[in-house]
Amino acid sequence: MRSEEEAYRAIEKYSDMIRRICMVNLKNYADSEDVFQTVLLKYILSSKVFESEEHEKAWFIRVTLNACKDVFKSFFRTKTEPLDTLKDYKSEISTESTDILHTILALPSKYRQVIYLYYYEGYSAVEIAKLLKKNVNTVYTLLSRAKKLLKDELAGELYDG
Amino acid sequence: MTDKIKSAFDEIKAEDEFRTSAKYFLYEKYNKAPEKSNKSIRRPVFAAVCAFLVVLSCVGIASYSIPVSAISLDYDNSCVELGVNSFDKVVTVTCFGENDDIENLKLKNKNYREAVTLVINSTEDTDSSAVLSVNCKNPEKCKEISEQINQCNFDNTSVDYNSQSHHGLSSEAHSHGISTGKYNAYLELKELDPDVNVDEIKNLPMKEIRERIYALSPDENGKNDGNDDTQDCSGTENTSCHTSDRQGSGQHHGKNGK
């Protein structure tokens with residue numbers, strides 16, 4: 001079991017990232033809290049030695065994505081909640097960002113995930129393929145389709161000039 | 001495009017509530033004393049006790065329902081065989097021939113003495129006599145059952161006794177469609193007359209089979225006194241143990257009746 005200090009350090013370092021991943025994948029705040037606690041518990045109980053900070057970060061992303069998937073597999077979860085997870089978000093967001101996030105969150109989850117990992121976390125298609133356990137070509141296809149969808153929805157907002 | 005998306009996601013931060021609940025969760029994990037649970041010991045013990053009780057029940061039910069002795073009552077036209085368990089209760093009733101009234105007697109779970117008395121007293125034909133055979137692996141049990149039945153009071157019918165301890169022959173006897181007592185008598189006859197086969201004696205009354213045995217047996221002719229009990233138990237599992245009650249000269253069957 002990892003030390004309490006390590007666990008608190010992980011909260012400070014990764015809570016924002018986990019919150020964003022939960023927002024991209026889940027439908028409500030309560031599920032996000034559950035996922036965060038699940039990820040923390042796995043971290044505490046894991047004896048994995050990380051080679052670098054990037055390795056640790058990738059581990060957290062992978063575990064969070066899996067925990068989000070498990071939430072959807074759960075029999076008791078309702079499947080008809082509206083997709084407006086920004087309503088659950090309790091802090092202020094600018095209007096421009098709200099529009100962009102709304103559009104991204106309206107996309108199917110397979111596009112949302114690659115958009116987040118590619119544009120925000122800065123992972124390459126190869127790295128995204130490893131994280132999501134997909135074929136590299138599939139990731140390229142998803143990225144290209146996601147870009148097209150975003151362009152169609154947000155033509156004026158995303159492109160300068 | 002990248003910058004816009006980045007700045008949009010940059011505005012998403014973990015709320016204070018989010019961090020607090022995570023920190024509280026960690027605090028509970030690290031500082032709360034684990035509950036002393038005896039579950040790890042209780043469950044296997046409970047399971048073992050349940051398993052033991054189930055096995056005990058099965059053994060109990062099996063020992064109650066499995067017959068260890070067989071009492072055959074052979075009449076002229078029919079036969080009733082009672083399977084008796086180690087608690088001296090009748091657990092099986094097998095009928096051969098015409099025995100319409102036996103089912104009405106409800107012999108199961110009765111003590112064998114009571115059951116034998118009921119069967120014999122239910123016979124309407126008072127002129128016939130029943131040949132009673134006791135079959136049990138244990139010669140002493142065999143003898144005990146015979147003695148117990150000997151003490152019973154039967155209304156009308158006379159009963160001849162012949163006890164043997166070839167218990168393993170019940171299934172063989174039933175496969176030929178005859179009672180164990182009759183089958184044992186057939187085997188006894190076969191020793192004296194190797195040409196005889198089971199189909200010949202199947203429909204013969206037991207009395208006739210015994211008479212043929214008596215006629216062929218060299219040691220039986222008039223040598224025994226009326227009230228002698230002749231026992232030949234060598235103590236091994238497959239040894240026959242004969243107990244014959246004889247009264248009067250020249251007669252080879254005893255009478256026990258009012």
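Rules used throughout
Residues numbered from 1 in each chain as written. Chains lettered and ligands numbered in written order. Predicted model: local features only at pLDDT ≥ 70, side-chain atom pairs only at ≥ 80, totals over all residues. Heavy atoms only, no water. Helix = DSSP H or I, 4+ residues; strand = E, 2+ residues; numbered from the N terminus. Buried < 20%, exposed > 50% of the residue type's maximum accessible area, 1.4 Å probe, protein only. Contact = heavy atoms within 4.5 Å. Areas by Shrake-Rupley, 256 points an atom, 1.4 Å probe, with all protein chains shown as cover. pLDDT = per-residue confidence, 0-100. Core = buried A, V, L, I, M, F, W, Y, C linked by side-chain atoms within 4.5 Å. Pairing = 2+ DSSP bridges. 1 Å grid on protein atoms, 1.4 Å probe; cavity = no way out; pocket = protein on both sides within 12 Å on 5 of 7 lines; lining within 4 Å. Points joined across faces, edges and corners; volume = space filled by probe spheres on them. Patch = residues over 30% accessible without salt bridge, like charges linked within 9 Å, V, L, I, M, F, W, Y side chains within 5 Å. Salt bridge = Lys/Arg side-chain N within 4 Å of Asp/Glu carboxyl O. Axes fitted to C-alpha atoms, helices over the stretch in contact; angles between N-to-C directions. Parallel < 35°, antiparallel > 145°, perpendicular 65-115°, else oblique. Left-handed = near helix turned anticlockwise from the far one by under 90°. Nonpolar A, V, L, I, M, F, W, Y, C, P; charged D, E, K, R; others polar. Buried area = accessible area lost by both parts, 1.4 Å probe. Polar contact = N/O pair within 3.5 Å; in protein donor to acceptor, adjacent residues only side chain to side chain.

A. How the structure looks around the overall build of chain B. Along chain B, the regular secondary structure elements total nine helices and five strands. Listing every helix and strand of chain B by position from the N terminus yields α-α-α-β-β-β-α-β-α-β-α-α-α-α. Relative to its full complement of 258 residues, chain B shows a buried share of 40%. Taking as baseline every contact in chain B between residues at least 6 positions apart, the subset at least 24 positions apart corresponds to 55%. Split by element, the accessible area of chain B, about 14,500 Å² in all, is 48% carbon and sulfur.

B. The arrangement of the confidence of the model for chain A in detail. On average, chain A scores 83 in pLDDT, and the residues at 70 or more come to 84%. Between the elements of chain A, mean pLDDT differs from a low of 59, seen in helix α8 (residues 155-158) of chain A, to a high of 93, seen in helix α6 (residues 125-132) of chain A.

C. Highlighting the nonpolar core. If you look at the biggest cluster of nonpolar residues, it comprises 62 residues, and the most contacted ones within it are F60 of chain A together with I5 of chain B. Per-element accounting of this core gives the leading share, ten residues, to helix α1 (residues 4-25) of chain A. Core analysis: the second largest hydrophobic core is formed by 23 residues, V80, I120, A130 and I145 of chain B among them.

D. Representation of the pairing of strand β2 (residues 78-84) of chain B within the structure. Residues and elements named next belong to chain B. Counting buried positions along β2 gives seven out of seven residues, so the element sits mostly inside the fold. Neither face of β2 is exposed, since S78, V80, L82 and V84 on one face and C79, E81 and G83 on the opposite face are all buried. As defined by bridge partners, strand β1 (residues 69-74) adjoins β2 across six bridges and the pair is classed as antiparallel. By the bridge assignment, A70 is partnered in β2 with G83. Note: β2 against strand β3 (residues 90-97), seven bridges, orientation antiparallel.

E. Quick look at empty space enclosed by the protein. Residues and elements named next belong to chain A. Under the defined criterion, the tally for this structure stands at two cavities of 30 Å³ or more. Its boundaries defined by the atoms lining it, the second largest cavity holds a volume of some 30 Å³. Taken together, I21, V24, N25, L65, Q113, Y116 and L117 make up the full set of residues lining the second largest cavity. Counting residues per element, the ones that place at least two in the lining of the second largest cavity are α1 and α5 (109-120).

F. Main features of a nonpolar patch on the surface. The grouping of I41, V45, V49, F52, L53 and L56 of chain B at the surface amounts to a nonpolar patch, some 580 Å² of accessible area in total. For I41 of chain B, the location among the structural elements is in helix α3 (residues 39-65).

G. Looking closely at the packing of α1 of chain A against helix α3 (residues 53-73) of chain A. Residues and elements named next belong to chain A. Put simply, α1 and α3 touch, their axes get as near as 10 Å, and they point 40 degrees apart. Classified by the angle between their axes, α1 and α3 sit oblique to one another. Relative to α3, α1 is oriented so that their crossing is right-handed. Where α1 abuts α3, its residues R9, A10, K13, Y14, M17, I18, I21, C22 and N25 lie against E53, E56, K57, F60, I61, T64, L65, C68 and F72. Classifying every residue of the contact of α1 with α3 by side-chain character gives eleven nonpolar, two polar and five charged.

H. Spotlight on the interface of chain B and chain A. With 26 residues of chain B at the interface, the matching set in chain A holds 45 residues. Carbon and sulfur atoms supply 65% of the area that chain B and chain A bury against each other, a total of about 3,500 Å² over both sides. Per-residue buried area on chain B facing chain A is highest for M1, F9 and F18 of chain B; these three make up 23% of the total on that side. Joining chain B to chain A, the criterion identifies four salt bridges. Of the charged contacts in the structure, one is a salt bridge between R19 of chain A and E15 of chain B, with a shortest N-O distance of 2.7 Å. One can count eleven residue pairs in polar contact (both at pLDDT 80 or more) joining chain B with chain A. Among the elements that line the side of chain B that touches chain A, the one with the most residues is helix α2 (residues 16-31) of chain B, at twelve residues.

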